Structure formats: C-alpha cells, structure tokens
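As a plain string of letters, each chain reads:
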Amino acid sequence: MTSSSSPSRKVLSKIACNRLQKELAEWQVSPPSGFKHKVIDNLQRWVIEVAGAAATLYAGETYQLQVDFPEHYPMEAPQVIFLHPAPMHPHIYSNGHICLDILYDSWSPAMTVSSVCISILSMLSSSPAKQRPDDNDRYVRNCRNGRSPKETRWWFHDDKV
C-alpha cells in the first residue's frame, strides 16, 4: 500500500495530538505483546510490526500495519491497513483492508492503538484457515485509485474468525 492510498491529510487537532503523544509514550514504556512501533517522524501515521502469535497459523510470521490518524482522533477511528504483503485471512483483503467492526461502526473513543492491535492479533489468532475473503478480487478491483477502507460499507456477518 502506498502513501497515495492514504486518506486526505488534515492537521491533527490539539486533542488528537495530546492523545497520540500520550498513547505513544505509554507504548514506549509497555507495548502490547507481539507488536513493535517502527519509529518514523510522523505522529499522524504509525507503522507497527505485528508478530504472529505462537501456536497459531501465523506463528513465526511478521506483518506491518499502517495506522493513519484523522484530524479528530479519538472521536473518529483511525484508518488501519496491512502493508503488502497482507496476511491471508478471511477478513483481510489482499490490498491490506481489514473487515473488523471496531475500525468502523463499533469504534469508541475509549479505544487505543494498543487495543486495536490486540483485537487484530486476536482476529488473526482465531482463524482456522489461511484464505482470502470470498469477494477479495471484486473488492480489490473496486478499491483501485486509492479508495480508503473507511469508504466501504462493511457487512459484519461473521464473528467466528
């Protein structure tokens, strides 16, 4: 996923800056297990390394998440995608878009980057098979030209994986 697919950037609000600085400081002291924040000089975009949990289909594998924070974070959810190559999972499209309700309809300002990462790792860990969503090809084709996953009307019908 390239930077051209990022949402249009607006300057972070003071509330968003303060919240992100606090979350980053907490992350540096106590990161969630299995995650590493890759240092880049940009508070509005984080790149996070994800290590597959032991005793799961993803054990020993490493992926990268890109988290783009909107102007009004945490009142608005960040955009979270997997950078290429995205893991094979029934709720992760080959372009890195993630079908997970907390990233869209079920977002709460009480959530943090850490809680989102833990939810994504839990989703990965519970998968019984490495496969793409049934509609992967159609969805990815419709997302050309940098369409944000936040522009998608997701249908959250399967909470088993």
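A brief look at the structure comes next. These numbers were taken from a predicted model, which means no experiment stands behind them.

## What about the pattern of salt bridges?
Now for step 1: Considering all chains together, one arrives at four salt bridges under this definition.
Now for step 2: Between glutamate 23 and arginine 19 there is a salt bridge whose closest N-O contact spans 2.7 Å. Residue glutamate 23 and its partner arginine 19 are both found in helix α1 (residues 14-29); the two are separated by four residues, about one turn of the helix.
Now for step 3: Owing to a relative accessible area of 7%, glutamate 23 belongs among the buried residues under this scheme.
Now for step 4: On the basis of relative accessibility, which here comes to 18%, the residue arginine 19 falls in the buried class.
Now for step 5: Of the charged contacts in the structure, one is a salt bridge between glutamate 61 and lysine 130, with a shortest N-O distance of 2.3 Å. Residue glutamate 61 is located in the loop between β2 (45-51) and β3 (62-68), and its partner lysine 130 is located in the loop between α2 (113-125) and α3 (136-142); the two are separated by 69 residues in the primary sequence.

## Considering the packing of aromatic side chains
Now for step 1: Going through the model one piece at a time under the given rule, you end up with eight aromatic pairs.
Now for step 2: Seen in terms of ring centroids, tryptophan 27 and phenylalanine 35 are 6.5 Å apart; in terms of plane orientation they differ by 70 degrees. Their pairing is edge-to-face. For the pair tryptophan 27 and phenylalanine 35, a shared accessibility class is recorded, and that class is buried.
Now for step 3: Where tyrosine 58 meets tyrosine 63, the ring centres are 6.5 Å apart and the plane angle is 70 degrees; that geometry is what we call edge-to-face. For the pair tyrosine 58 and tyrosine 63, a shared accessibility class is recorded, and that class is buried.
Now for step 4: Taken together, the ring pairs connect Trp27, Phe35, Trp46, Phe69, Tyr73 and Trp107 into an aromatic cluster.

## A word on the sheet that holds β3
Now for step 1: Taken in spatial order, the four strands line up as β1-β2-β3-β4 in an open sheet, and their pairing is antiparallel. The open sheet has two edge strands, β1 (35-38) and β4 (79-82), and neither has a second partner. Ignoring strand direction, the axes of neighbouring strands in this sheet form an average angle of 25 degrees.
Now for step 2: As judged from the seven bridges shared by β2 and β3, these two strands associate in the antiparallel manner. Bridge pairing in β3 links isoleucine 48 to leucine 65.
Now for step 3: Each of β1 and β2 touches α1; the most contacted strand, β2, lies at about 30 degrees to it.
Now for step 4: The strands touched by α2 are β1, β2, β3 and β4; relative to β2, the strand with the most contacts, the crossing angle is about 35 degrees.

Rules used throughout
Residues numbered from 1 in each chain as written. Predicted model: local features only at pLDDT ≥ 70, side-chain atom pairs only at ≥ 80, totals over all residues. Heavy atoms only, no water. Salt bridge = Lys/Arg side-chain N within 4 Å of Asp/Glu carboxyl O. Helix = DSSP H or I, 4+ residues; strand = E, 2+ residues; numbered from the N terminus. Buried < 20%, exposed > 50% of the residue type's maximum accessible area, 1.4 Å probe, protein only. Phe/Tyr/Trp six-rings, centres within 6.5 Å; stacked < 30°, edge-to-face > 60°. Pairing = 2+ DSSP bridges. Axes fitted to C-alpha atoms, helices over the stretch in contact; angles between N-to-C directions. Contact = heavy atoms within 4.5 Å.

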